[in-house]
Amino acid sequence: PIVSVIIPTYNRWPMVRQAIESVLAQSYRGGELIVVDDGSNDGTSEHLAQYGPSVRHVSRPRNGVAAARNYGVRIAKGRYVAFLDSDDLWMARKLEIQAAFMEQHPEIQICQTEEIWIRGGVRVNPRAKHAKPSGDIFRRSLDRCLVSPSAVMMTKDLFNQYGGFDESFPVCEDYDLWLRIGIDHLVPLIPKPLVVKQGGHNDQLSHSVWGMDRYRVQSLRKLLTNGLSGEKRDWAIEALKDKIAVLCQGARKRGKEHEAIAYEAILCDFLLERLNVGDRDSPVRKRQGIPSADSETVVGLGSDG
């Protein structure tokens, strides 16, 4: 196969059946379909077996959407990989158009398409802040994720080069990967709505974890710690400042002063670094006795909601 399509799913039968049917109905035939069942207990595995060889499916112990996608890529045989979330659908020519674009532009290793938004069964128009960039996505993507996994096609080599999705992220794993890729690579947008993105249902992943900006802060901190430089570093620090301000305000409203201080300590280190007076044992930490907080500790703070 030229393209490997990967659908991760967890307890979403019969919703995932619609996603599968939208792949099997594609005009493009040069691909394989891999469904990774992430520990479902609703009979998904038995239903998938009914598709026979047209659907390559594997069941694994529950480990999250990032791990499910990563496993799908590991066993994929295609040169390109395309992801489809189990609650989304593809228009019939999605793979045909996107694969042709990738073949015509061998210098490009990743692209995405426009999409149609459905919320609670009703079509809605995305707000201006959700408009997808094309090409250099990095700066605009610092605020929020503007690349949809269901709209992406990329080379398997590029995915592996960047280590795939961070499996420690229960949410925002896509935000994290697209930022890492966007540092060095253009992400062109094919301006055709080839994905139907469905939301508003009770088991939507983004509704399952509170305080998603906690994971965006973790991702930004990873970028900064791993040597992001130049103006992109400045942009990332500004984004980090904005997100930490929101998290600190929320923490203090809940009476979680220790949580707010821990976030402010993260920001202080990067701001002091700008002035060439900060390091991992910054004067701020020494003076105030603020303990070093790694990403996992900070994300865990206030986990009682």
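Structure first, text after, so check above.
If you're wondering where the values come from, they're calculated on a predicted model, not measured in any experiment. (Residues numbered from 1 in each chain as written. Predicted model: local features only at pLDDT ≥ 70, side-chain atom pairs only at ≥ 80, totals over all residues. Heavy atoms only, no water.)

**Student:** Explain the environment of Pro149 to me, using residue names and the numbers behind them.
**Tutor:** Checked against the element boundaries, Pro149 lands in the loop between helix 5 (138-141) and strand 8 (152-155). Assessed through its relative accessible area of 4%, Pro149 is described here as buried. Considering only alpha carbons, one finds Pro149 and Phe83, 66 residues apart in sequence, at a separation of 5.7 Å. Look past the residues within four positions of Pro149 in its chain and what remains in contact with it is Arg69, Phe83, Asp85, Asp174 and Trp178. (Helix = DSSP H or I, 4+ residues; strand = E, 2+ residues; numbered from the N terminus. Buried < 20%, exposed > 50% of the residue type's maximum accessible area, 1.4 Å probe, protein only. Contact = heavy atoms within 4.5 Å.)

**Student:** I'd like to hear about the packing of aromatic side chains, residue by residue, with values.
**Tutor:** Applying the stated criterion across every chain yields a total of five aromatic pairs. Ring centres of Phe165 and Trp178 lie 5.8 Å apart, and the angle between their planes is 80 degrees; this geometry places the pair in the edge-to-face category. In this pair, Phe165 sits in the loop between helix 6 (156-161) and helix 7 (173-182) while Trp178 sits in helix 7, placing the two residues 13 residues apart along the sequence. Of the two residues, Phe165 and Trp178, neither departs from the other in class, the shared state being buried. Over the ring of Phe138 we find Lys232, and its NZ or CZ is 5.7 Å from the ring centre. (Phe/Tyr/Trp six-rings, centres within 6.5 Å; stacked < 30°, edge-to-face > 60°. Lys NZ or Arg CZ within 6 Å of the ring centre and 35° of its normal.)

**Student:** Residue-level account of the state of the cysteines, with values.
**Tutor:** Per the stated rule, a full pass over the model turns up zero disulfides. Left without a disulfide partner, Cys145 is nearest to the cysteine sulfur of Cys172, which lies 7.9 Å away. Overall, the relative accessible area of 4% leaves Cys172 in the buried class. (Disulfide = S-S within 2.5 Å.)

**Student:** Pulling in residues and values, what's your account of helix 3 (residues 65-75)?
**Tutor:** Among the eleven residues of helix 3, eight are classified as buried, and the element is accordingly described as predominantly covered. If you check which residues of helix 3 are buried, you get Val65, Ala66, Ala67, Ala68, Arg69, Asn70, Gly72 and Val73. As for helix 3, its buried residues are in contact with strand 1 (3-9), strand 2 (31-38), strand 3 (56-60), strand 4 (80-83), helix 6 and helix 7.

**Student:** Describe the pattern of salt bridges, naming the residues involved and giving the relevant values.
**Tutor:** Opposite charge on two side chains permits them to pair, given that their charged atoms come into close proximity. All told, the structure shown has 19 salt bridges when counted by the stated rule. Across the pair Asp38 and Arg62 runs a salt bridge whose closest N-O atoms are separated by 2.8 Å. Taken together, the positions of Asp38 in strand 2 and Arg62 in the loop between strand 3 and helix 3 put the pair 24 residues apart, joining distant regions of the chain. Using a relative accessible area of 5% as the deciding quantity, one classes Asp38 as buried. (Salt bridge = Lys/Arg side-chain N within 4 Å of Asp/Glu carboxyl O.)

**Student:** Quick one: what's the story with unusual backbone geometry, residue by residue and with numbers?
**Tutor:** The step from Trp13 to Pro14 runs through a cis peptide bond, and the omega angle for that step is 15 degrees. Tracing the sequence through the fold places Pro14 in the loop between strand 1 and helix 1 (15-24). The backbone of Asn11 shows a phi angle near 50 degrees, a positive value even though the residue is not glycine. Turning to its location among the elements, Asn11 is positioned in the loop between strand 1 and helix 1. Unlike most non-glycine residues, Cys172 shows phi in positive territory, near 65 degrees. Relative to the helices and strands, Cys172 is located in the loop between helix 6 and helix 7.

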